[in-house]
Amino acid sequence: MAEIREARVPDIGGYSDVPVIELLVAVGDTVAKDQGLATLESDKATMEVPAPFAGVIRELKIKVGDTVSEGAVVALIEVAGEGVGAPAKTEPAAPAPMPGHKSGAKPEPEPEPKPEPRSEPKAEAAAGPAQARPAAAGEARTPPVAFGAESILPGEVPYASPAVRVFARELGVDLSQVRGSGRGGRIGKEDVQAYVKSVMSGAARPAAAAGGGGLDLLPWPKVDFARFGEIETRPLSRIKKISGANLARNWAMIPHVTQHDEADITEMEAFRKRLGEENKDTKITPLVFLIKAAVAALRKFPQFNASLDESGENLVLKKYFHIGIAVDTPDGLVVPVIRDCDRKGLLELSTELGEISKKAREKKLGPAEMSGGCFSISSLGGIGGTAFTPIVNAPEVAILGVSRSSMKPVWNGKEFVPRLMLPLSLSYDHRVIDGADAARFTSYLAQVLGDLRRLLL
Ligand code: CAO
């Protein structure tokens with residue numbers, strides 16, 4: 001006989017009486033450990049209640065519209081094959097408050113957008129009342145936070161709940177153009193829908209288009225691809241949807257320039273190989289050397305370790321060195337952050353890099369592990385290529401792209417000698433960084449990578 005256990009609301013950061021806005025499972029569903037059971041939403045944050053253990057949902061103790069606090073029973077879960085005949089046990093979910101995103105100056109990682117029933121048009125489906133969604137067995141719902149999810153750009157932050165923000169983003173609506181009908185101008189889903197309807201009917205044009213100062217873009221081409229041959233339609237992954245929206249905004253709003261350079265890493269590679277032989281249990285790739293070199297360059301050029309504040313008029317300079325690493329996962333790009341890289345050695349960084357890459361690919365990264373970055377590195381060196389133009393991960397002001405090193409003939413003043421050259425591509429926000437500074441930054445990076453003793457300076 002199986003055992004029935006209670007799943008309770010975990011520590012949700014001191015919030016109480018938080019409304020349930022969505023049930024993510026239904027009675028009879030099989031859930032995996034950590035799979036989301038319900039979404040709670042306060043004024044400031046959206047949180048998901050994870051299943052503390054795997055099993056089958058036997059009873060839901062809450063419904064949409066209820067308010068709950070820490071310790072409230074969310075569901076009774078039948079845990080297969082355990083504790084035959086044992087009485088119902090109480091087990092709070094792991095203390096893993098889910099990411100919310102705040103409507104204030106420091107947005108946090110994004111919550112998972114609500115899935116849409118296929119038969120309905122997107123706007124209607126996403127706006128409809130919260131409803132239980134049958135969960136696929138074993139579906140991992142650890143909320144990945146995509147590239148730039150904690151971004152904040154200069155300008156006013158519209159007053160809207162996290163769910164409304166997710167809804168608006170799904171529809172590509174810029175909330176700053178929507179008039180809120182709620183108390184104090186709060187924007188609700190109905191306001192977003194009304195805005196979309198008015199734009200679709202031609203009654204309103206996005207302010208940016210109307211004023212001529214924004215992106216007055218043509219509508220996306222509507223093509224019946226099936227007319228030209230066989231096709232298959234696949235929905236984008238959730239990570240891709242979220243990161244896509246962030247990348248599109250960053251690309252459109254940040255005046256990007258990419259500075260290309262090369263570093264002679266012949267000596268560095270010899271050292272890396274020696275280090276690898278001495279530390280066979282740790283995989284040491286060129287990336288950790290790049291992290292250390294980036295820290296040295298950020299120290300020397302502090303305007304790169306900075307963000308524009310909300311007004312867009314001040315630069316916030318950071319005294320810490322948290323480096324985001326773009327990790328390619330089967331579902332899309334995520335950017336976990338390695339903290340305090342200035343205080344860590346190559347071996348420690350290698351271990352941490354291995355751990356976060358593994359966690360990223362297993363969708364196990366928590367929101368805290370993806371926030372607070374100062375500068376990002378996107379390495380395609382393990383794959384190939386000679387250069388690329390990475391997109392700045394707002395509100396950071398620069399990102400370093402790394403391509404594959406190759407042997408090249410280099411003129412040493414007397415003759416050509418074979419040297420291992422590493423291509424570097426630094427994209428930067430030209431509002432903050434001048435081209436000359438970017439060239440100094442990459443030259444310095446190349447110097448450090450060319451002679452690691454400079455890290456001691
Ligand atoms: N030149 C030559 N070889 C390189 C290299 C470079 N610049 N960088 C890494 N390599 C080698 C490594 O040494 C390793 O070799 P061995 O297997 O012989 O030891 C191999 O390539 C594979 O490295 P890796 O990719 O597993 O490890 P990494 O530390 O270089 O990178 C990570 C880790 C997580 C960043 C990487 O796996 C990844 O996900 N990269 C993709 C990031 C991405 O998608 N960026 C694009 C974003 S912009 O749209």
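Keep in mind that what you see is a predicted model, and the values were worked out from it rather than measured. (Residues numbered from 1 in each chain as written. Predicted model: local features only at pLDDT ≥ 70, side-chain atom pairs only at ≥ 80, totals over all residues. Heavy atoms only, no water.)

Chemist: Lay out the pattern of salt bridges with the relevant residues and their values.
Modeler: Counted under the stated rule, the structure contains 21 salt bridges. Where lysine 364 meets glutamate 362, a salt bridge forms, and the shortest distance between an N and an O atom there is 3.6 Å. Residue aspartate 437 pairs with arginine 440 through a salt bridge whose shortest N-O separation is 2.8 Å. Separated by three residues within a single helix, aspartate 437 and arginine 440 lie in helix 9 (residues 435-450), roughly one turn from each other. Residue arginine 440 is classed as partly exposed on the basis of its relative accessible area of 46%. (Salt bridge = Lys/Arg side-chain N within 4 Å of Asp/Glu carboxyl O. Helix = DSSP H or I, 4+ residues; strand = E, 2+ residues; numbered from the N terminus. Buried < 20%, exposed > 50% of the residue type's maximum accessible area, 1.4 Å probe, protein only.)

Chemist: Residue-level account of the pairing of strand 19 (residues 406-411), with values.
Modeler: Two strands pair when backbone bridges link them, and strand 19 and strand 20 (residues 416-429) are joined in this way by six bridges, in the antiparallel orientation. Looking at strand 20, one finds that tryptophan 411 is bridged to phenylalanine 416. Two successive antiparallel strands, strand 19 and strand 20, enclose a turn made up of four residues, where glycine 413 displays a positive phi of approximately 105°. (Pairing = 2+ DSSP bridges.)

Chemist: Explain unusual backbone geometry to me, and be specific about the residues and the numbers.
Modeler: Omega for the peptide link from alanine 394 to proline 395 comes to 10°, which places this bond in the cis form. Its location among the elements puts proline 395 in the loop between strand 17 (375-379) and strand 18 (398-402). A positive phi angle is found at aspartate 34, which is not glycine, with a value near 75°. Mapped onto the secondary structure, aspartate 34 falls in the loop between strand 3 (30-31) and strand 4 (36-41). Positive phi values are uncommon outside glycine, yet aspartate 340 reaches one of about 45°. Residue position: aspartate 340 is located in the loop between strand 16 (337-338) and helix 8 (346-361).

Chemist: How would you sum up the packing of helix 7 (residues 286-300) against helix 8? Please name residues and give values.
Modeler: Axis separation between helix 7 and helix 8 bottoms out at 9 Å; the angle between their running directions is 120°. Between helix 7 and helix 8 lies a crossing whose hand is right-handed. Taking contact as the criterion, the partners of Leu287, Val288, Phe289, Ile291 and Lys292 in helix 7 are, on helix 8, Leu346, Leu349, Ser350 and Leu353. For the contact of helix 7 with helix 8, the residue count by class is seven nonpolar, one polar and one charged. (Axes fitted to C-alpha atoms, helices over the stretch in contact; angles between N-to-C directions. Left-handed = near helix turned anticlockwise from the far one by under 90°. Contact = heavy atoms within 4.5 Å. Nonpolar A, V, L, I, M, F, W, Y, C, P; charged D, E, K, R; others polar.)

Chemist: Give a description of the environment of valine 173 that names residues and reports values.
Modeler: Here valine 173 is to be found in the loop between helix 2 (162-171) and helix 3 (189-200). Given the relative accessible area of 12%, valine 173 is considered buried. Not counting the four nearest positions on each side in its chain, valine 173 is found in contact with Ala168, Val178, Val192, Tyr195 and Val196.

Chemist: Requested: an account of the packing of helix 2 against helix 3, with residues and values cited.
Modeler: Where helix 2 contacts helix 3, the two axes come as close as 9 Å, and the packing angle between them is 20°. When the axis of helix 2 is compared with that of helix 3, the two are roughly parallel. Pair helix 2 / helix 3 crosses with right-handed handedness. Residue-level contacts link Ala163, Val164, Phe167, Ala168 and Leu171 of helix 2 to Lys189, Val192, Gln193 and Val196 of helix 3. Its residues assigned to classes, the contact of helix 2 with helix 3 shows seven nonpolar, one polar and one charged. (Parallel < 35°, antiparallel > 145°, perpendicular 65-115°, else oblique.)

Chemist: Please provide a residue-by-residue account of the site of the ligand, values included.
Modeler: Neighbouring the ligand are 23 residues, the closest being Thr285, Asp328, Arg361, Ser378 and Ser405. Measuring from an oxygen atom of the ligand, one finds a side-chain N or O atom of threonine 285 at 2.5 Å. The side chain of arginine 404 places a nitrogen or oxygen atom 3.4 Å from a nitrogen atom of the ligand. When isolated, the ligand has an accessible area of 970 Å², and the protein chains bury 71% of it. When each cavity is represented as a set of grid points, the ligand is found to reside in the second largest pocket. The set of elements that each furnish at least two residues to the shell around the ligand consists of helix 7, strand 14 (327-329), helix 8 and strand 17. The element contributing the most residues to the shell around the ligand is helix 8, with three residues. When its residues are assigned to classes, the shell around the ligand shows ten nonpolar, eight polar and five charged. (Near = heavy atom within 4 Å. Polar contact = N/O pair within 3.5 Å; in protein donor to acceptor, adjacent residues only side chain to side chain. Areas by Shrake-Rupley, 256 points an atom, 1.4 Å probe, with all protein chains shown as cover. 1 Å grid on protein atoms, 1.4 Å probe; cavity = no way out; pocket = protein on both sides within 12 Å on 5 of 7 lines; lining within 4 Å. Sits in = over half its atoms within 2 Å of the grid points.)

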